[in-house]
Amino acid sequence: MTKPLMFEKPVGMRDTLPPLYDAKHNIRSVLMNSIVQWGYSFLQTPALEYYDTVGVTSSIADHQLFKLLDAEGQTLVLRPDVTAPIARVVSSIMKKEPFPLRLAYDSPVYRSLQKEGGRPAEFEQMGVELIGDKTSSADAEIVALMIALLEEIGLRDCKIAIGHVGFVDALFTDILSKEEDVDLLLRYLYEKNYVGYTHHVKNLSLSAQNEQRLLALLELKGGKETLKKAQAIGAQNSSPLLAEIDHLFDVLNMYGVQEKVSFDFSLRSHMSYYTGIIFEGYTANYGFPLCRGGRYDHLLQTFGRVAKAIGFALSIDDVMEALPPSGIQNKQECIIYSPSLRREAYEKAQALRRNGCAVVLQDVRGIDEMDHFTRRFSSVTYMLDTHQEGESC
Ligand SMILES: N[C@@H](Cc1c[nH]c[nH+]1)C(=O)O
């Protein structure tokens, strides 16, 4: 007996049906246009990469990687991130290209998730990387582009939170001696589990002052005044990075986006390649970040080309969820014809298509249920021969 076909999909995998696919397609083309207008060039990298290169450098936790073996027994991974593959390309095939490079991508990425998590394990990212430019102008361009893209697709109330991995590192190095405490507190920060963080800090045997400094980290959120509070926490060697952020804020003023930006020094990413500022973009009424990014000044070096870089990725799926329902209507027209009028019907369809219309050309004999079928279209033209001449289907 043959086994029944399986209709289930692997955990975290989704089908995208026509209405959502169309809506995504529209958003994607708006975003791509803007990215190209800012001078970025799109490229594509493969879905499969070697575990030893991209798998390791992408800094996604091992248990989240989809792994498989190639015919030679080498371990491959389904691309868990696109920043690391781009670092690979820029350090190899593009190694003669002078810096800075402005590159962009639109690709699905794969991260296996816990069953209960309910988040997709395959999701689409559109991102940009500005490689080989260490200036604060590059940082500001990336943040401003991120805001411009969110605004372009109608998310005018977007807000960007900016932090710096160096600040948290400096504070933790000052206070914590055990690596496991550092790891746990970092995890609480990137999971935004502030209750867990506070609880753990209170259970460490620290001086009252150090406990207060670690707890104060969670309050370091807001406008420019936050920089002074961060300074007051007194993490060693953090003055230059606070000055860097202060300067970035001034440069962002030039782009007119200052009011969209605030600081959050407790911000942390699960991706360990970040070395400087990191940021996340939000919109009201949607609880997940729509985009994330940051500076990663050492990643390219692991592929053999020294270059400082910064970039971000927008999660197309989160953007779609955050946007109000598009109300996209089906703009297809339909011509229903009898076989004797096929040529005329085809000519009419082609004329409409040349004018930019989407046209379904349908033999009347192939329709299951006329009413149901025609409801899909914005308009229907019937080209029917009243005395059917009985051509077989
Ligand atoms: N690759 C990062 C986003 C990013 C792009 N460039 C820098 N950071 C992510 O998947 O979250």
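Residues numbered from 1 in each chain as written. Predicted model: local features only at pLDDT ≥ 70, side-chain atom pairs only at ≥ 80, totals over all residues. Heavy atoms only, no water.

Draft legend 1. Up close: the pairing of strand E14 (residues 358-363). Summarising the sheet, strand E13 (residues 332-337) and E14 pair through six bridges and their orientation is parallel. Looking at the pairing, Tyr337 lines up with Asp363 of E14. The β-α-β motif built from E13, the intervening helix H13 (residues 342-354) and the parallel element E14 has right-handed crossover chirality. (Pairing = 2+ DSSP bridges. Helix = DSSP H or I, 4+ residues; strand = E, 2+ residues; numbered from the N terminus. Right-handed = clockwise from strand over helix to strand, strands pointing away.)

Draft legend 2. Expanded view of the packing of helix H4 (residues 136-152) against helix H10 (residues 239-254). Closest axis-to-axis distance for the H4/H10 pair is 9 Å, and the angle between their directions is 55 degrees. In terms of their interaxial angle, H4 and H10 are classed as oblique. When you trace H4 past H10, the crossing you get is right-handed. Mapping the contact onto sequence places Ser136, Asp139, Ala140, Val143 and Ala144 in H4 and Glu244, His247, Leu248, Val251 and Leu252 in H10. Among the residues forming the contact of H4 with H10, the class breakdown is six nonpolar, two polar and two charged. (Axes fitted to C-alpha atoms, helices over the stretch in contact; angles between N-to-C directions. Parallel < 35°, antiparallel > 145°, perpendicular 65-115°, else oblique. Left-handed = near helix turned anticlockwise from the far one by under 90°. Contact = heavy atoms within 4.5 Å. Nonpolar A, V, L, I, M, F, W, Y, C, P; charged D, E, K, R; others polar.)

Draft legend 3. View of the packing of helix H5 (residues 165-175) against helix H8 (residues 208-216). At a minimum axis distance of 11 Å, the contact between H5 and H8 shows a crossing angle of 160 degrees. Accordingly, the angle class assigned to the pair H5 and H8 is roughly antiparallel. Classified by chirality, the crossing of H8 by H5 is left-handed. Facing H5, whose interface residues are Leu171, Phe172, Asp174 and Ile175, H8 presents Asn210, Arg213 and Leu214. Looking at the contact of H5 with H8, its residues break down into four nonpolar, one polar and two charged.

Draft legend 4. Spatial organisation of the site of the ligand. Asp81, Thr83, Arg111, Glu129 and Tyr274 are the nearest of the 16 residues found near the ligand. Within the backbone of Gly311, an N or O atom sits 3.4 Å from a nitrogen atom of the ligand. In the environment of the ligand, a nitrogen atom lies 3.4 Å from a nitrogen or oxygen atom belonging to the backbone of Phe312. Burial of the ligand by the surrounding chains reaches 98%, relative to a free accessible area of 300 Å². Breaking the shell around the ligand down by element, the ones donating at least two residues are strand E6 (122-131), strand E11 (286-295) and strand E12 (309-315). Classifying every residue of the shell around the ligand by side-chain character gives seven nonpolar, five polar and four charged. (Near = heavy atom within 4 Å. Polar contact = N/O pair within 3.5 Å; in protein donor to acceptor, adjacent residues only side chain to side chain. Areas by Shrake-Rupley, 256 points an atom, 1.4 Å probe, with all protein chains shown as cover.)

Draft legend 5. Looking closely at H4. Here H4 spans 24 Å end to end across 17 residues, near enough to the 24 Å set by a 1.5 Å rise per residue. Counting buried positions along H4 gives 13 out of 17 residues, so the element sits mostly inside the fold. Directly after H4, the chain includes Gly154, whose backbone phi takes a positive value near 100 degrees. (Expected span 1.5 Å × (residues − 1). Buried < 20%, exposed > 50% of the residue type's maximum accessible area, 1.4 Å probe, protein only.)

Draft legend 6. A look at the UniProt feature "binding site: L-histidine" (unreviewed entry) in the chain. With numbering matched to this structure, UniProt assigns "binding site: L-histidine" (unreviewed entry) to Asp81, Val82, Thr83, Arg111, Gln125, Glu129, Tyr273 and Tyr274. Along the polypeptide, Val82 turns up in the loop between strand E4 (75-78) and helix H3 (83-91). Relative to the elements of secondary structure, Gln125 occurs in strand E6. Residue classification places Gln125 among the buried positions, given a relative accessible area of 10%. (UniProt positions renumbered as here; feature names shortened; annotations may be inferred.)

Draft legend 7. Layout of the sheet that holds E14. If you walk across this open sheet you meet the three strands as E14-E13-E15, and the pairing is parallel. Only two strands of the sheet have a single neighbouring strand rather than two, namely E14 and strand E15 (379-383). Taking the axes of each pair of neighbouring strands and ignoring which way they run, one obtains an average angle of 20 degrees across the sheet. Pairing analysis gives five bridges linking E13 to E15, with the strands arranged parallel. For Ile336, the partnering residue across the bridge sits in E15 and is Tyr382. H13 contacts E13, E14 and E15 of the sheet and is inclined by roughly 170 degrees relative to E14.

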